[in-house]
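# Coordinate inspection notes
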Amino acid sequence: AQSVAQPEDQVNVAEGNPLTVKCTYSVSGNPYLFWYVQYPNRGLQFLLKYITGDNLVKGSYGFEAEFNKSQTSFHLKKPSALVSDSALYFCAVRRGGNTGKLIFGQGTTLQVKP
Amino acid sequence: GAVVSQHPSRVICKSGTSVKIECRSLDFQATTMFWYRQFPKQSLMLMATSNEGSKATYEQGVEKDKFLINHASLTLSTLTVTSAHPEDSSFYICSASFLTRATEAFFGQGTRLTVV
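The structure reproduced in this document is the subject of the present report. (Residues numbered from 1 in each chain as written. Chains lettered and ligands numbered in written order. Predicted model: local features only at pLDDT ≥ 70, side-chain atom pairs only at ≥ 80, totals over all residues. Heavy atoms only, no water.)

## Quick word on the interface of chain B and chain A
- Across the contact, 24 residues belong to chain B and 22 residues belong to chain A.
- A buried area of about 1,800 Å², summed over both sides, lies between chain B and chain A, and 54% of it is on carbon and sulfur atoms.
- Per-residue buried area on chain B facing chain A is highest for Thr103, Glu104 and Phe107 of chain B; these three make up 29% of the total on that side.
- On the surface where chain B and chain A come into contact, there are zero salt bridges.
- At the junction of chain B with chain A, the criterion picks out four residue pairs in polar contact (both at pLDDT 80 or more).
- Put simply, the parts of the chain that give the side of chain B that touches chain A at least two residues each are strand 4 (32-38), strand 5 (44-51) and strand 9 (90-97) of chain B.
- The greatest single-element share of the side of chain B that touches chain A, amounting to four residues, is contributed by strand 4 of chain B.
- Of the residues assigned to the side of chain B that touches chain A, the class counts are ten nonpolar, ten polar and four charged. (Contact = heavy atoms within 4.5 Å. Buried area = accessible area lost by both parts, 1.4 Å probe. Salt bridge = Lys/Arg side-chain N within 4 Å of Asp/Glu carboxyl O. Polar contact = N/O pair within 3.5 Å; in protein donor to acceptor, adjacent residues only side chain to side chain. Helix = DSSP H or I, 4+ residues; strand = E, 2+ residues; numbered from the N terminus. Nonpolar A, V, L, I, M, F, W, Y, C, P; charged D, E, K, R; others polar.)

Shown next, in the form of structure tokens:
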């Protein structure tokens with residue numbers, strides 16, 4: 001069975017500091033991994049994805065994530081956090097193949113303080 | 001980029017009535033649409049998967065007679081909450097994908113349903 005774990009309910013960082021939001025996954029076969037961000041009462045916005053190739057993936061708004069197969073992790077990172085990055089972040093996994101359904105982690109609230 | 005529009009963004013209805021939520025892909029043909037439910041500060045729970053022209057596939061525990069899904073065209077899927085009760089109050093989100101970019105799902109902005 002596929003699953004995604006985000007071990008932290010909330011991450012607090014100061015503006016300008018680097019941030020990391022953790023994600024580990026479990027899936028048979030090759031995983032397709034995604035990060036989405038959600039602002040209050042809004043749908044999800046796509047940040048980045050890993051399908052194949054380079055383990056370091058760069059996405060929107062300066063975010064990046066590193067796929068680590070041995071640790072089955074796909075942590076989201078940003079070198080310098082902004083207050084506007086404060087939101088709810090979801091990691092998701094899809095088993096390889098077309099139109100497979102996404103399995104989401106429980107979400108991590110990122111709070112960036114000035 | 002691919003845009004998914006969900007309507008209405010917010011709806012309040014009386015207990016016992018039915019509510020229809022629309023999900024439209026504006027600039028692409030969506031071969032598959034997904035409906036999710038989200039409780040406050042919780043993750044998205046997949047309710048059902050719908051493919052154009054066929055019956056929706058519901059996840060375990062989701063009442064198909066209560067949550068009617070129709071995917072009549074490649075650009076429109078609807079979710080109808082029938083005989084709504086206060087416990088159906090939630091945030092409902094749709095997503096859509098299409099074959100040529102099937103690795104990525106595009107999400108609507110969500111619908112906040114409040115049943116009073």
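## Looking at the layout of surface pockets
- Taken as a whole, the largest pocket encloses approximately 480 Å³ of empty space.
- Surrounding the largest pocket, 20 residues form its lining, Gln38, Leu88 and Thr109 of chain A together with Pro40 and Lys41 of chain B being those nearest its centre.
- Looking at the lining of the largest pocket residue by residue, the classes come out as seven nonpolar, ten polar and three charged.
- Along the walls of the second largest pocket sit 15 residues, with Leu44, Gln45 and Phe46 of chain A together with Ala2 and Phe107 of chain B positioned nearest its centre.
- Where the lining of the second largest pocket is concerned, the elements lending two or more residues are strand 6 (44-50) of chain A together with strand 10 (106-107) of chain B.
- For the lining of the second largest pocket, the element with the most residues is strand 6 of chain A, which contributes three residues.
- Counted by class, the lining of the second largest pocket contains nine nonpolar, four polar and two charged residues. (1 Å grid on protein atoms, 1.4 Å probe; cavity = no way out; pocket = protein on both sides within 12 Å on 5 of 7 lines; lining within 4 Å. Points joined across faces, edges and corners; volume = space filled by probe spheres on them.)

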